[in-house]
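Chain and residue survey
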Amino acid sequence: MSASFARVDAPALFRYVLRLGDLALVLGQRLGEWVGHSPALEEDLGLANIALDMIGQARLLLTYAGEVEGQGRGEDDIAFLRGHGEYLNAVLAEQPNGDFGQTIVRQVLIDAFQLELYQRMTASTDERLAAIAAKSVKEVRYHLRYSSGWLVRLGDGTDESHRRVQAAVDALWPYTVELFAEDELDRAMADQGVAPRLADVKAAWDHRLDEILAEATLKRPPHRPHAWHGKRGQHSEHLGYILAEMQYLQRTHPGARW
Amino acid sequence: MSAVFTGGVPTPAPAPAPTSAPNFTPADPRVTTAWQALAAVEDPEIPAVSVIDLGLIRFIKPRHDGTLEVGLSPTYVGCPATEVIRRSVEIALRGAGVGEFVVTNVLSPAWSSDWITAEGRRKLEIYGIVPPEQSASLRELMRVNRPVGCPRCRSTDTECISEFGSTPCKALHRCRACLEPFEYFKCI
């Protein structure tokens with residue numbers, strides 16, 4: 001096992017890894033809601049594939065979080081037996097799917113974030129996070145290719161599709177602020193070389209989003225302050241419903257396996 | 001959910017895929033036996049191709065305590081076939097009588113479709129799946145849609161129907177010449 005976390009404050013690293021893992025898990029669960037409901041079979045497959053990758057990322061990260069914590073909790077315990085306030089994902093991930101366009105907008109925003117974050121995290125001083133990032137970033141490229149491709153088609157499509165994705169961009173944009181809002185935990189991880197500086201991730205994300213939005217003929221909304229702290233466990237009302245569905249079986253039949 | 005990390009990050013494997021057994025240790029006959037046994041383990045989603053053809057077996061080596069260690073990489077982190085492949089590998093190793101062994105999940109360096117062997121690429125093609133291009137850069141992945149030749153009629157007049165096909169590793173394409181759909185093994 002990598003001993004790299006011995007140098008880092010373990011409770012802090014635990015919380016940081018949860019932020020990454022919960023973002024992937026909650027988004028994966030959200031995307032899974034599309035299965036059987038997508039506009040076309042190809043989109044059903046596409047969204048389900050991305051959901052699977054997200055859950056795969058979450059498994060690696062939550063398993064690691066459990067090891068860092070050192071209390072004997074595995075990925076299932078952490079995913080299925082934590083409450084609302086213990087989830088540390090940014091609230092953007094838990095926002096409802098809305099129409100297909102809104103799902104695509106949320107996906108572009110998070111794909112671009114994960115791409116820029118993971119690319120830099122491949123150089124992490126934490127070997128395990130570096131390995132997970134290196135694996136995940138390859139998949140995230142495909143996710144962004146898919147989501148940005150759709151955003152361009154919808155934005156530069158009909159008046160109706162343009163209107164709807166612009167409305168989704170406007171509605172979801174404020175939630176992106178939280179992704180880059182550096183707090184003491186983000187700072188501590190960056191200081192120790194575990195994670196990249198969020199300011200660097202933001203600069204690259206901005207550049208990428210500007211390109212995609214321009215091609216999609218969409219307008220970038222003005223910056224607004226935010227009041228969300230999902231990264232500290234303060235969530236929108238939506239997360240509770242997601243967890244209720246996701247955790248039902250393990251809560252009703254503790255320890256069930258098949 | 002029961003992916004087990006039995007080891008941390010292993011020493012980096014050589015970048016290009018080996019065409020036969022890598023890290024071959026002639027001194028230990030178990031290593032040879034294990035490689036032979038795993039040559040018969042197929043990917044459940046692509047039965048034509050073995051786990052060795054796909055470059056998923058990263059190393060087989062005896063550990064200091066005498067246990068045989070087999071390094072196995074997932075193609076995609078969320079691929080449901082990963083669990084099946086791991087079990088098939090374990091069953092094959094048990095059947096081959098290699099004694100005590102452990103299958104280690106190897107994430108780094110991340111598996112690449114470049115590591116599919118020449119034999120694997122040939123088998124994929126015969127099976128009707130277009131093998132991946134080699135070493136696409138990020139820019140190419142993001143922007144360029146190179147023509148993918150139809151595995152049936154060889155026409156390059158084809159289109160991508162979906163970036164995500166029946167399994168995480170494949171995209172769905174269609175040939176405009178013979179009108180047949182076909183799968184493309186994604187470059188990753």
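Residues numbered from 1 in each chain as written. Chains lettered and ligands numbered in written order. Predicted model: local features only at pLDDT ≥ 70, side-chain atom pairs only at ≥ 80, totals over all residues.

**Some thoughts on the overall build of chain A**
- When you go through chain A residue by residue, the secondary structure sums to 9 helices and 0 strands.
- For chain A, the succession of helices and strands along the chain, N to C, is α-α-α-α-α-α-α-α-α.
- Here the C-alpha atoms of chain A give a radius of gyration of 18 Å, agreeing with the 18 Å that 2.2 N^0.38 yields for 258 residues.
- On the principal axes, the C-alpha backbone points of chain A span a range of 55 × 45 × 30 Å.
- Looking at chain A as a whole, 50% of its 258 residues are labelled buried.
- Taking the intrachain contacts of chain A between residues at least 6 apart in sequence as the baseline, contacts between residues at least 24 apart amount to 76%. (Helix = DSSP H or I, 4+ residues; strand = E, 2+ residues; numbered from the N terminus. Rg over C-alpha atoms; globule rule 2.2 N^0.38 Å. Buried ≥ 20, exposed ≤ 12 C-beta atoms within 10 Å, placed from the backbone. Contact = placed C-beta atoms within 7 Å.)

**Thoughts on the sheet that holds strand β2 (residues 68–72) of chain B**
All names here are of chain B.
- Taken in spatial order, the 3 strands make up an open sheet running β1-β2-β3, and their pairing is mixed. Across the chains shown, the open sheet's two edge strands, defined by having one partner strand only, are β1 (57–62) and β3 (101–105). Neighbouring strand axes in the sheet, compared pairwise and without regard to direction, differ in orientation by 15° on average.
- The sheet contact formed by β1 and β2 spans 5 bridges and is antiparallel. For lysine 61, the partnering residue across the bridge sits in β2 and is glutamate 69.
- Set on the sheet, helix α1 (residues 29–38) makes contact with β1 and β2; between it and β1 the angle comes to about 150°. (Pairing = 2+ DSSP bridges. Axes fitted to C-alpha atoms, helices over the stretch in contact; angles between N-to-C directions.)

**So, the domain arrangement of chain B**
Residues and elements named next belong to chain B.
- Looking at the assigned domains, one finds that chain B contains domain 1 (29–115) and domain 2 (128–185).
- Using only C-alpha atoms to locate each centre, domain 1 and domain 2 end up separated by 27 Å.
- Split by residue class, the side of domain 1 that touches domain 2 holds 4 nonpolar, 3 polar and 2 charged. (Domains from an automatic or database assignment. Nonpolar A, V, L, I, M, F, W, Y, C, P; charged D, E, K, R; others polar.)

**Quick word on the interface of chain A and chain B**
- Contacts between the two partners involve 31 residues from chain A, matched on the other side by 24 residues from chain B.
- For the side of chain A that touches chain B, the secondary-structure elements that each account for two or more residues are α2 (41–69), α3 (75–80) and α5 (127–155) of chain A.
- Here the side of chain A that touches chain B is composed, by residue class, of 12 nonpolar, 7 polar and 12 charged.

**Side note on the packing of α1(B) against helix α2 (residues 81–96) of chain B**
Residues and elements named next belong to chain B.
- Contact geometry of α1 with α2 gives a least axis separation of 9 Å together with a crossing angle of 130°. Between α1 and α2, the angle falls in the class oblique. The interaxial crossing formed by α1 with α2 has right-handed handedness. Facing α1, whose interface residues are Thr33, Ala34, Ala37 and Leu38, α2 presents Val89, Ala92, Leu93, Gly95 and Ala96. (Parallel < 35°, antiparallel > 145°, perpendicular 65-115°, else oblique. Left-handed = near helix turned anticlockwise from the far one by under 90°.)

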